Amino acid sequence: MEDSVEVILQDKRSWVSHRSQDRPVITAASGALLMGCYGLWSVFALPGFRRVPVPYLPSSGVQTQNIMRLLRGRAGRLVDLGSGDGRLVLTASSLGFQCTGYEINSILVSYARVKARLMGIPTTRARFVNEDLWKVTNLSGYNNVTVFLAPGVMEVLAKKLEKELGDDTRVIACRYPFPDWPVAETEGRGLDQAWAYDMTSVCKPST
Ligand SMILES: C[S@@+](CC[C@H](N)C(=O)[O-])C[C@H]1O[C@@H](n2cnc3c(N)ncnc32)[C@H](O)[C@@H]1O
C-alpha cells in the first residue's frame, strides 16, 4: 500500500515538473506581463500614493463639461490640484483662464507640457508644475480652483484651502465633494458630478 502511494506521488511530482518545463514560454510571458502591470502601476499610480492615496484617473468628457459649466461667467487665474495629463488645465485655458496645474507625477507633467505645445498654448496660459500639492504653501493668487482627488483627502484639503484662498475664489470638486462646505451649485450626476463652492460662504479659521 505504502509503495503504491509513493509511486503515485512520484508520478505527480514528475508530471508537475514536466508541465512547467513544457511551457517555458508561457511561464516567461506570464512573468513579463505581471512585471509590466506592476511597472505601469508604479509609474502612473504610485506617485500619488506617496503622501495620500490619490491615483491617476482622468476626468471624463462629461465631467470636464460639468466643471466648465460651473466656471461660466468667471475669469482670471485657475489652478488644478493634481492635474494629471493636463486635460482640465488645457480646456480651461482655451476658455481664457490663465492656468496652472500642480502634478506629482513627472511623466504626466511632461505629457501635459507636450500636449500644450502641440495645441499651440503658451506657458503663460497653461503652466504645468511638477510639485506635491501639499507643499504648495500659497494658493491665494488663484480665484478658481479645480480638484479631482479622493474622498480621504477632502477634509484635510478643505482646511488647507480655507487658510490660503481669498473670498472671491470658486472651488470646483469633481466626483468627491467637500464634506462640510455649503454647495453653491452642482452639475451632473453619479461619477461625473461636480460641485461648486464659493469661499465667501465657507467658514474660515479665525487668524
Ligand atoms: C484623479 S487624477 C485627476 C487628474 C486631472 N485633474 C483630471 O481631472 O483629469 C488625480 C491626480 O492627482 C495627482 N496627485 C496625487 N497626489 C498628488 C499630490 N500630492 N500632489 C500633486 N498631484 C497629486 C495624481 O498623480 C493624479 O494625476
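Structure: above.
The numbers attached to residues start from 1 for each chain and follow its sequence in the written order. Totals for whole chains, interfaces and linings use all residues, but because this is a predicted model, local features are given only for residues with pLDDT of at least 70 and pairs of side-chain atoms are given and counted only at 80 or more. Side-chain numbers here rest on the full set of heavy atoms in the structure, without hydrogens or water.

## Overview of the pattern of salt bridges
For this document, the term salt bridge refers to a Lys or Arg side-chain nitrogen within 4 Å of an Asp or Glu carboxyl oxygen. Under the counting rule described, the total for this entry stands at 7 salt bridges. Here glutamate 187 and arginine 69 are joined by a salt bridge, their closest N and O atoms 3.8 Å apart. Pair noted here: glutamate 187 is in strand β6 (residues 185-187) and arginine 69 is in helix α3 (residues 61-70), with a separation of 118 residues, a long-range link. We note a salt bridge from glutamate 185 to arginine 170, for which the minimum N-O separation is 2.9 Å. Taken as a pair, glutamate 185 in strand β6 and arginine 170 in strand β5 (residues 170-174) lie far apart in primary sequence, 15 residues in all. Residue burial is assigned from relative accessible area. The probe radius is 1.4 Å, only protein chains are included, and a residue is buried under 20% of its type maximum, exposed over 50%, and partly exposed in between. With relative accessibility at 35%, the residue glutamate 185 sits in the partly exposed group. Within the structure, one salt-bridge network assembled from shared partners comprises Asp85, Arg87 and Lys115. Only DSSP runs of H or I reaching four residues or more are called helices, and only runs of E reaching two or more are called strands; each is numbered from the N terminus.

## A few points about the nonpolar core
One finds Leu81, Leu139, Val147, Leu157, Leu161, Phe178 and Trp181 to be the most contacted residues of the largest nonpolar core, which totals 27 residues. Looking at this core, the elements that each hand over two or more residues are β1 (77-81), β4 (144-147), α6 (154-164), β5 and β7 (194-198). In terms of residues, this core owes the most to one element, α6, which gives 4 residues. Note on contacts: a residue pair qualifies if any of its non-hydrogen atoms lie within 4.5 Å across the two residues. Apart from residues lying up to four places away in sequence, tryptophan 181 is in contact with Ala158, Leu161, Glu162, Val171, Tyr197, Met199 and Val202. Definition of nonpolar core: a set of buried residues of the types Ala, Val, Leu, Ile, Met, Phe, Trp, Tyr and Cys, connected through side-chain atoms within 4.5 Å.

## Things to note about the pairing of β1
When you tally the buried positions in β1, you get 4 out of 5 residues, the bulk of the element. Two strands pair if DSSP finds at least two bridges between them. In this sheet, strand β2 (residues 98-103) lies alongside β1 in parallel orientation, the contact comprising 5 bridges. Bridged to arginine 77 within β2 is glutamine 98. A crossover gets the label right-handed when its path from the first strand over the helix to the second runs clockwise, viewed with the strands pointing away from the viewer. You can see the chain leave β1, run along helix α4 (residues 87-94) and come back into β2, and the turn it takes is right-handed.

## Quick look at the pairing of β5
Burial analysis of β5 places 5 of its 5 residues in the buried class, the great majority of the element. The side-chain alternation of β5 yields two buried faces, one formed by Arg170, Ile172 and Cys174 and the other by Val171 and Ala173. Here β4 runs beside β5; their pairing, made up of 4 bridges, is parallel. Across the sheet, the residue bridging to asparagine 144 is arginine 170, located in β5. Each parallel crossover has a hand, and the one from β4 via α6 to β5 is right-handed. Pairing analysis gives 5 bridges linking β5 to β7, with the strands arranged antiparallel. Counterpart to alanine 173 in the pairing with β7 is tryptophan 195.

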